[in-house]
Amino acid sequence: MNPREDQPYLALFIKHILRTGPSTAYDLSAAFSLSIRNTRVYCKMLHDNKKIYICSYYKPSRGPYVPVYALNPLGDLEDIEYPKPLTRAEYSKNYRTRVRLAKGDLYEGATKLA
């Protein structure tokens, strides 16, 4: 069995990101029918070698933020910082705003979600 460094997935991941744009590990896992565990290992290897960097974070409906990887052609781009969690006040404000939007009570000049 070949070591991970010799697998073709590293080059395929770079080609996929080049063709489709920034991708999460879940996108890459679905595109190549790999387990998410192996996909994360390959992404970490590319990230450690400065081939890709974290350009943003995606917030799924549940769970933690997921890093979105983009190509780092020169190896000089820095990762974006992990977002800070919402405070309880911000979370409550967002909830109240969503409820008002659902009811139709929110006027046009109201505050937006945090």
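Going by the structure above, here's the rest.
We now turn to the structure provided with this report. Throughout this description, residue numbers start from 1 for each chain and increase along the sequence as written. Two thresholds apply to this predicted model, a pLDDT of at least 70 for residue-level local features and 80 or more for giving and counting side-chain atom pairs, whereas whole-chain, interface and lining totals are computed over all residues. The basis for the side-chain values is all heavy atoms of the structure; hydrogens and waters are excluded.

Re the sheet that holds strand S3 (residues 66-71)
Here is the rule: Between any two strands, pairing holds if DSSP finds at least two bridges. Here a helix means four or more residues in a row that DSSP labels H or I, a strand means two or more in a row labelled E, and each is numbered from the N terminus. We call two residues in contact whenever any of their non-hydrogen atoms come within 4.5 Å of each other. Angles run from 0 to 180 degrees between N-to-C directions of axes, and those axes are lines fitted to C-alpha atoms, restricted for helices to the stretch in contact.
Pairing is antiparallel across the open sheet formed by three strands, whose spatial order is S1-S3-S2. At either margin of the open sheet sits one strand with a lone partner, and together these are strand S1 (23-24) and strand S2 (52-58). Here S1 runs beside S3; their pairing, made up of two bridges, is antiparallel. When the sheet's bridge partners are listed, Thr-24 is paired in S3 with Val-68. This element, helix H1 (residues 9-20), spans S1, S2 and S3 of the sheet and lies at about 90 degrees to S3.

Describing unusual backbone geometry
Stated precisely, the cut-off is as follows: The buried label applies to any residue whose accessible area, calculated with a 1.4 Å probe on protein chains only, is under 20% of its type's maximum; exposed applies above 50%, and partly exposed to all values in between.
In this structure, Ser-33 takes a positive phi of about 55 degrees despite not being glycine. Structurally, Ser-33 can be placed in the loop between helix H2 (25-32) and helix H3 (36-48). Here Lys-50, not a glycine, exhibits a phi torsion of approximately 60 degrees, which is positive. One can find Lys-50 in the loop between H3 and S2. Given the relative accessible area of 45%, Lys-50 is considered partly exposed.

Quick notes on helix H4 (residues 88-103)
Just so we agree on the cut-off: Expected span, for any helix, means 1.5 Å times one less than how many residues it has.
In this model H4 runs 23 Å from its N-terminal to its C-terminal C-alpha over 16 residues, within 8% of the 22 Å that 1.5 Å per residue would give. Backbone geometry just after H4 places Gly-104 at a positive phi near 85 degrees.

With respect to the nonpolar core
Cut-off, in case you're wondering: The definition of a nonpolar core used throughout is a set of buried Ala, Val, Leu, Ile, Met, Phe, Trp, Tyr and Cys residues joined through side-chain atoms within 4.5 Å.
Ranked by internal contacts, the top residues of the largest apolar core, which has 14 residues, are Phe-13, Leu-28, Tyr-42, Cys-43, Ile-52 and Tyr-69. Among the elements of the structure, H1, H2, H3 and S2 are those that each provide at least two residues to this core. Counting residues per element, this core draws most heavily on H3, which supplies four residues. Sequence-distant contacts of Leu-28, that is, excluding residues within four places in its chain, are made with Phe-13, His-16, Ile-17, Ser-23, Thr-39 and Cys-43.

Examining the pattern of salt bridges
Condition: The working definition used for a salt bridge is a side-chain nitrogen of Lys or Arg within 4 Å of a carboxyl oxygen of Asp or Glu.
With the rule as written, the count across this model stands at one salt bridge. Two residues, Asp-48 and Lys-44, come together in a salt bridge whose shortest N-O distance is 3.2 Å. With a gap of four residues between them, Asp-48 and Lys-44 both fall in helix H3, about one helical turn apart. Its relative accessible area of 49% is what places Asp-48 among the partly exposed residues.

Overview of the packing of aromatic side chains
Going by this rule: In this scheme Phe, Tyr and Trp rings, the latter by its six-membered ring, pair at centre separations within 6.5 Å, and the angle between planes marks the pair as stacked below 30 degrees, edge-to-face above 60, and tilted otherwise.
Inspection of the entire model under this criterion finds seven aromatic pairs. Each ring, one from Tyr-9 and one from Phe-32, has its centre 6.5 Å from the other, and the planes form 75 degrees; the classification is edge-to-face. A residue pair is termed long-range when its members are at least 10 positions apart, and Tyr-9 in helix H1 and Phe-32 in helix H2 qualify at 23 residues. Ring centres 5.9 Å apart and planes at 90 degrees place the aromatic pair Phe-13 and Tyr-42 in the edge-to-face group. With a gap of 29 residues between them, Phe-13 in helix H1 and Tyr-42 in helix H3 connect regions that are remote in the sequence.

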